[in-house]
Amino acid sequence: MKLFRRSLLAALSLAALASTGAAIAQDFKPRLIRFGYGLNEQSNQGRAAKVFAEAVEKASGGKMKIRAIGAAALGPDTQMQQALIGGAQEMMVGSTATLVGITAEMALWDTPFLFNNTREADAVLDGPIGQKVLDKLQDKGLVGLVYWENGFRNLTNSKRPVGKLEDLNGIKLRVMQNNVYLDSFKTLGANAVPLPFSELFSAMETNTVDGQENPYNTILSSKFYEVQKFLSVTNHVYSPWVLLVSKKWWDGLNAAEKKVLQDAARASRDFERKDTREEATRALADLKAKGMQINELSPAESARMRDKLTKVNASIATQVGMDLWRDTQAELAKLRGQ
Ligand code: TF8
């Protein structure tokens, strides 16, 4: 009897083992996932894309393969978004700002000075408000998995140091293709020109535009210091990136495959934020060493800029909806212990 019981148990556990093995083989179909992004391979975006790719391949036993394609080789953000919606491309990571034409709620993240620090950004983006905004993508044919950090944006140009608002007058400034950015920089007095990121370097090189704004990491990894002399520390907005999946393609995945992508997305997010923040602390010194002239704004000038920019808040609130706007303000007040 005892012997019988033991062999039965052994048989059962063998069967269990076999069925998990079978489950793995069945659960993951061979899949090639084209994953596009706009910066180059050596950027924070490129490094995190690699981490994501490795996590997906490992968790699927090599069945799900990510082909990460950087430097906007699959097109600028807006083109990739359309390819995802149509099902011609599976995944991408890019700016939330270029999604505003598709999902108006994304404009929330374009609010100047919305977050005071990365702690606030992480809490709101990873919390119910961030999720609510991601969920809005579904009706538009996109699935948003997580937010990565692009970072706090700073101003560069080839004309002069910007130390006060008036210094922006007449500066041709490239902005992301988005009405909030356009309004913000027009309000500040710049001559704002929307352009895709992939056209930015050559536009600056040929003086089609005088300046742009991006986090230190990007100014460094995209070698903007070669064509921009002045960097003004403005930290005027915190910009997230978002990891997107084609909904058409996503709907054909089974639960195990979806979980692999979700888990890898979260792991890549944690890596990316840490890596980006480490790089940002070093980047300013690197940019100085490359010859950029860096200036801070006086607290009074900073406050003037901030005041001017709050004028765009009313139109952002209308765009994203009053409920979402108020919930965000309430959440921030709570985080700030107010
Ligand atoms: C910009 C953004 C870029 C992103 C990137 C290409 O200025 O900050 O970093 O769109 O994904 O366009």
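The residue count restarts for each chain, going from 1 along the sequence in the order it is written. In view of the model being predicted, local features appear only for residues whose pLDDT reaches at least 70, and side-chain atom pairs are presented and counted only at 80 or more, with totals across whole chains, interfaces and linings using the full set of residues. To obtain the side-chain values, all non-hydrogen atoms of the structure were used and water was disregarded.

## So, the overall build of the protein
Piece 1. Helix numbering and strand numbering both begin at the N terminus, where a helix is a DSSP run of H or I of at least 4 residues and a strand a DSSP run of E of at least 2. A tally of helices and strands in the protein yields 13 helices and eleven strands.
Piece 2. When burial is assessed residue by residue, the protein has 50% of its 338 residues classed as buried.
Piece 3. Residue contacts follow a heavy-atom distance rule, with two residues in contact if any of their heavy atoms lie within 4.5 Å. Long-range contacts, defined here as pairs at least 24 residues apart, represent 76% of the contacts in the protein between residues at least 6 apart.
Piece 4. Carbon and sulfur atoms form 54% of the exposed surface of the protein, whose accessible area is close to 15200 Å².
Piece 5. As used throughout, the charge tally considers Lys and Arg to be positive and Asp and Glu to be negative, leaving His and the chain termini uncounted. One atom stands in for each charge, and that atom is NZ of Lys, CZ of Arg, CG of Asp or CD of Glu. Computed over 44 positive and 37 negative side-chain charges, the separation of the two mean positions in the protein equals 4 Å. A 1.4 Å probe rolled over the protein chains alone gives each residue an accessible area, and that area as a share of the maximum for its type sets the label: buried under 20%, exposed over 50%, partly exposed in between. The Shrake-Rupley method, run with a 1.4 Å probe sphere, supplies the accessible areas, and residue values consider only the shown protein chains as cover.

## Re the packing of helix α12 (residues 313–320) against helix α13 (residues 322–335)
When two helices pack together, their arrangement is given by the angle between the helix axes and the distance between those axes.
Piece 1. Each axis is a line fitted through C-alpha atoms, and for a helix only the stretch in contact is used; angles between axes span 0 to 180 degrees, taken between their N-to-C directions. Running from amino to carboxyl end, α12 crosses α13 at an angle of 120°, the nearest separation of the two axes being 6 Å. Only Met322, Leu324 and Trp325 of α13 make contact with α12, whose side of the interface consists of Asn313, Ile316, Ala317 and Val320.

## A short note on the nonpolar core
Piece 1. Put simply, buried Ala, Val, Leu, Ile, Met, Phe, Trp, Tyr and Cys residues joined by side-chain atoms within 4.5 Å make one nonpolar core. Within the largest apolar cluster, 32 residues are counted, with the highest numbers of intra-cluster contacts made by Leu99, Met106, Leu108, Trp109, Phe115 and Leu244.
Piece 2. The set of elements that each furnish at least two residues to this core consists of α3 (77–86), α4 (118–126), α5 (128–135), β4 (142–152), β10 (238–246), α12 and α13.
Piece 3. Ignoring anything within four residues of it in the chain, the contact list for Trp109 reads Thr96, Leu114, Phe115, Val124, Leu125, Ile129, Gly130, Val133, Tyr147, Val237, Tyr238 and Pro240.
Piece 4. Core analysis: the second largest hydrophobic core is formed by 28 residues, Ala49, Val93, Val143 and Val146 among them.

## Quick look at the site of the ligand
Piece 1. Near is defined per residue: the residue qualifies when any heavy atom it owns lies within 4 Å of the molecule or strand. The environment of the ligand is formed by 13 residues, the closest being Gln45, Asn150, Arg153, Arg174 and Asn214.
Piece 2. Nitrogen and oxygen atoms within 3.5 Å of one another constitute a polar contact, given that in protein one can donate a hydrogen and the other can accept it, and given that sequence-neighbouring residues count only through two side-chain atoms. The contact in question runs from an oxygen atom of the ligand to an N or O atom on the side chain of Gln45, over 3.0 Å.
Piece 3. Between an oxygen atom of the ligand and a side-chain N or O atom of Asn214, the distance comes to 2.7 Å.
Piece 4. When the ligand sits alone it has 330 Å² of accessible area, and the protein chains cover 98% of it.
Piece 5. Cavity membership is defined here by more than half of the atoms lying within 2 Å of grid points; on that basis the ligand lies in the largest cavity.
Piece 6. The residue classification treats Ala, Val, Leu, Ile, Met, Phe, Trp, Tyr, Cys and Pro as nonpolar and Asp, Glu, Lys and Arg as charged. All others, Gly included, are polar. Class assignment of the residues belonging to the shell around the ligand gives a composition of four nonpolar, six polar and three charged. Put plainly, a pocket is an open set of points on a 1 Å grid over the protein atoms alone with protein on both sides within 12 Å along at least five of seven lines, a cavity is a set where a 1.4 Å probe fits but cannot get out, and a lining residue has an atom within 4 Å of a point. Criterion for pocket placement: a molecule counts as inside a cavity or pocket if more than half of its atoms are within 2 Å of its grid points.

## Some details on empty space enclosed by the protein
Piece 1. Grid points are joined across faces, edges and corners, and a volume is the space filled by probe spheres set on the points. Applying the stated criterion to the full structure yields two cavities of 30 Å³ or more.
Piece 2. Considered as a void within the structure, the largest cavity measures approximately 250 Å³ in volume.
Piece 3. What lines the largest cavity is a set of 22 residues, and nearest its centre among them are Asp77, Ser95, Arg174, Met176 and Phe197.
Piece 4. Of all elements in the fold, only α3 and β3 (91–95) reach the threshold of two or more residues within the lining of the largest cavity.
Piece 5. Its residues placed into classes, the lining of the largest cavity shows eight nonpolar, eleven polar and three charged.
Piece 6. When its volume is computed, the second largest cavity comes out at roughly 60 Å³.
Piece 7. Lining the second largest cavity are Asp110, Pro112, Val180, Tyr181, Ser184, Phe185, His236, Val237 and Leu309.
Piece 8. It is helix α6 (residues 179–187) that provides the largest number of residues to the lining of the second largest cavity, a total of four residues.
Piece 9. A per-class count over the lining of the second largest cavity returns six nonpolar, two polar and one charged.

## Here we look at the packing of helix α2 (residues 44–59) against helix α10 (residues 255–289)
Piece 1. Running from N to C, α2 and α10 point in directions that differ by 150°, and their axes come no closer than 8 Å. Here α2 is positioned roughly antiparallel relative to α10, judged by the angle of their axes. Handedness of the α2/α10 crossing: right-handed. Counted together, Asn44, Arg47, Ala48, Val51, Phe52, Ala55, Val56 and Ala59 of α2 and Val260, Leu261, Ala264, Ala265, Ser268, Phe271, Glu272, Asp275, Thr276 and Glu279 of α10 form the full contact between these two elements.
Piece 2. Here the residues of the contact of α2 with α10 are counted per class, giving eleven nonpolar, three polar and four charged. Orientation labels follow simple angle bins: below 35 degrees gives roughly parallel, above 145 gives roughly antiparallel, 65 to 115 gives roughly perpendicular, and whatever is left gives oblique. Helix crossings fall into two classes, left-handed where the near helix is turned counterclockwise from the far one by less than a right angle and right-handed where it is turned clockwise.

## Quick word on the pairing of β10
Piece 1. Of all nine residues making up β10, nine are buried, and the element is well covered by its neighbours.
Piece 2. Pairing between strands is defined by DSSP: at least two bridges between the two strands are required. Where β3 meets β10, five bridges bridge the pair, whose relative direction is antiparallel. Bridge pairing links Gly94 to Val242 in β10.
Piece 3. As defined by bridge partners, β4 adjoins β10 across eight bridges and the pair is classed as antiparallel. Following the sheet pairing, Gly151 is matched in β10 by Ser239.

## Structural notes on the sheet that holds strand β1 (residues 31–36)
Piece 1. Taken in spatial order, the five strands of this open sheet run β2-β1-β3-β10-β4, and their pairing is mixed. The sheet is open, and its two borders are formed by β2 (64–69) and β4, each paired with just one other strand. Shown here is a sheet whose adjacent strand axes are inclined to one another by a mean of 20°, direction ignored.
Piece 2. In the packing of α4 onto the sheet, the strands contacted are β4 and β10, and the crossing angle to β10 comes to about 30°.
Piece 3. The strands touched by α10 within the sheet are β1, β2, β3, β4 and β10, with β4 carrying the most contacts at an inclination of about 5°.

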